[in-house]
Amino acid sequence: MHTATATHTPAQPSASARRKHTGLFRCIAIFFLALIVIVGVTVIVIWLVIRPKRLIYTIDNGSIHNFNLTNNHLNSTFNFVIRADNPNGRASIYYDSIEVSVAYDNQNVAFNTLEPFHQPTRNVTRLETRLEAQNAALSESVSRDLKLEKASGEVELDVHVKAKIRFKVGMWKSRDRTLRILCSPVLVHFSSSKSFQRTYCDIDL
Ligand SMILES: *[C@@H]1O[C@H](CO)[C@@H](O)[C@H](O)[C@H]1NC(C)=O
Ligand SMILES: *[C@@H]1O[C@H](CO)[C@@H](O)[C@H](O)[C@H]1NC(C)=O
Ligand SMILES: *[C@@H]1O[C@H](CO)[C@@H](O)[C@H](O)[C@H]1NC(C)=O
Ligand SMILES: *[C@@H]1O[C@H](CO)[C@@H](O)[C@H](O)[C@H]1NC(C)=O
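None of the values given here were measured: they were computed from a predicted structure.

## Some words on the UniProt feature "domain: Late embryogenesis abundant protein LEA-2 subgroup" (unreviewed entry) in the chain
Moving on, step 1. When the UniProt feature table is mapped onto this chain, "domain: Late embryogenesis abundant protein LEA-2 subgroup" (unreviewed entry) is found at residues 82-179.
Moving on, step 2. Helix makes up 13% of residues 82-179 and strand 67%, whereas the separation of the span's terminal C-alpha atoms amounts to 14 Å.

## Quick look at the sheet that holds strand E1 (residues 56-70)
Moving on, step 1. Spatially, E6-E2-E1-E10 is the arrangement adopted by the four strands of the open sheet, whose pairing is antiparallel. With partners counted over all chains shown, the strands left at the sheet margins are strand E6 (123-137) and strand E10 (199-200), one partner each.
Moving on, step 2. With two bridges joining them, E1 and E10 adopt antiparallel strand pairing. Note on E10: the bridge partner recorded for Ile59 is Thr199.
Moving on, step 3. Against the sheet, helix H2 (residues 140-152) makes contact with E1 and strand E2 (73-86), and its axis sits at roughly 105 degrees relative to E1, the strand it touches most.

## Things to note about empty space enclosed by the protein
Moving on, step 1. Taken as a whole and assessed by the stated rule, the structure comprises two cavities of 30 Å³ or more.
Moving on, step 2. For the largest cavity, the calculated volume is near 50 Å³.
Moving on, step 3. Around the largest cavity, the lining residues are Tyr57, Ile82, Ala84, Tyr95, Ile98, Leu114, Leu127, Val161 and Ile181.
Moving on, step 4. Secondary-structure elements contributing two or more residues to the lining of the largest cavity are E2 and strand E3 (91-104).
Moving on, step 5. The residue inventory of the lining of the largest cavity, partitioned by class, reads nine nonpolar, no polar and no charged.
Moving on, step 6. The space that makes up the second largest cavity amounts to roughly 40 Å³.
Moving on, step 7. Taken together, Ile64, Phe67, Leu74, Phe78, Val109, Leu146, Val155, Leu157 and Phe190 form the lining of the second largest cavity.
Moving on, step 8. In terms of residue class, the lining of the second largest cavity is made up of nine nonpolar, no polar and no charged.

## With respect to the nonpolar core
Moving on, step 1. Counting 45 residues, the largest nonpolar core has Phe78, Phe80 and Tyr95 as the members making the most contacts within it.
Moving on, step 2. Sort the elements by how many residues they give to this core and strand E7 (residues 154-169) lands first, with eight residues.
Moving on, step 3. Excluding its chain neighbours within four sequence positions, the residues that come into contact with Phe80 are Ile59, Asn61, Gly62, Val102, Leu127, Glu128, Thr129, Leu131, Leu157, Val159, Val186 and Val188.

Conventions and cut-offs
- Residues numbered from 1 in each chain as written.
- Chains lettered and ligands numbered in written order.
- Predicted model: local features only at pLDDT ≥ 70, side-chain atom pairs only at ≥ 80, totals over all residues.
- Heavy atoms only, no water.
- UniProt positions renumbered as here; feature names shortened; annotations may be inferred.
- Helix = DSSP H or I, 4+ residues; strand = E, 2+ residues; numbered from the N terminus.
- Pairing = 2+ DSSP bridges.
- Contact = heavy atoms within 4.5 Å.
- Axes fitted to C-alpha atoms, helices over the stretch in contact; angles between N-to-C directions.
- 1 Å grid on protein atoms, 1.4 Å probe; cavity = no way out; pocket = protein on both sides within 12 Å on 5 of 7 lines; lining within 4 Å.
- Points joined across faces, edges and corners; volume = space filled by probe spheres on them.
- Nonpolar A, V, L, I, M, F, W, Y, C, P; charged D, E, K, R; others polar.
- Core = buried A, V, L, I, M, F, W, Y, C linked by side-chain atoms within 4.5 Å.
- Buried < 20%, exposed > 50% of the residue type's maximum accessible area, 1.4 Å probe, protein only.

Now the structure itself:
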């Protein structure tokens, strides 16, 4: 019979080694805690100094010209006035690139870019853009819906803006950030005698 009961105990670290271990662990924990507190306080101080305010974008005017929808293909000119409001007292904005597109029923029909510019603090800039749909192919159902809306005298469009921007505060400039603006629905009348209702846009930064 095999009666040997030599239970194999795993090597236990000595008490002093264990103490050293916990001491080191405590040091690391305190270091990271201190780091988090310092970073947190810095962020709060910067936040309080800059007091960033949300950028506000609206579509202030929109019109359609030369509309021609034939055989599910669209030719048309869209004019929009995009109002960009930077309410920040300390942060100015570099718009390094601006792409504007107009969509009907999730189908992009026209696209244009705007000139880069620098927007000062507490500034409102009106950006005028003209987008040309050139023989834009639409699906049959989308084409039918657009015809119906045209017959009613007004059409609901989506205006998307994608911009690369940087903030400037004093001497500091932020890295490139992608700003997405969605204005939906933008109700545009075919008759220019009807006044345009300002549309507020959602932003994603
Ligand atoms: C909007 O645009 C139309 C057509 O370009 C123009 O006739 C009208 O005066 C503009 N309205 C405003 C409030 O700017
Ligand atoms: C629309 O375009 C088609 C094809 O280019 C043309 O035959 C037609 O005359 C145009 N209609 C209007 C109202 O311009
Ligand atoms: C759109 O314009 C192009 C030329 O610019 C023309 O060839 C085409 O037939 C037009 N399409 C419609 C639907 O009017
Ligand atoms: C906003 O800034 C632009 C330059 O980017 C300037 O032309 C315009 O006059 C400024 N508007 C106001 C209200 O300060």
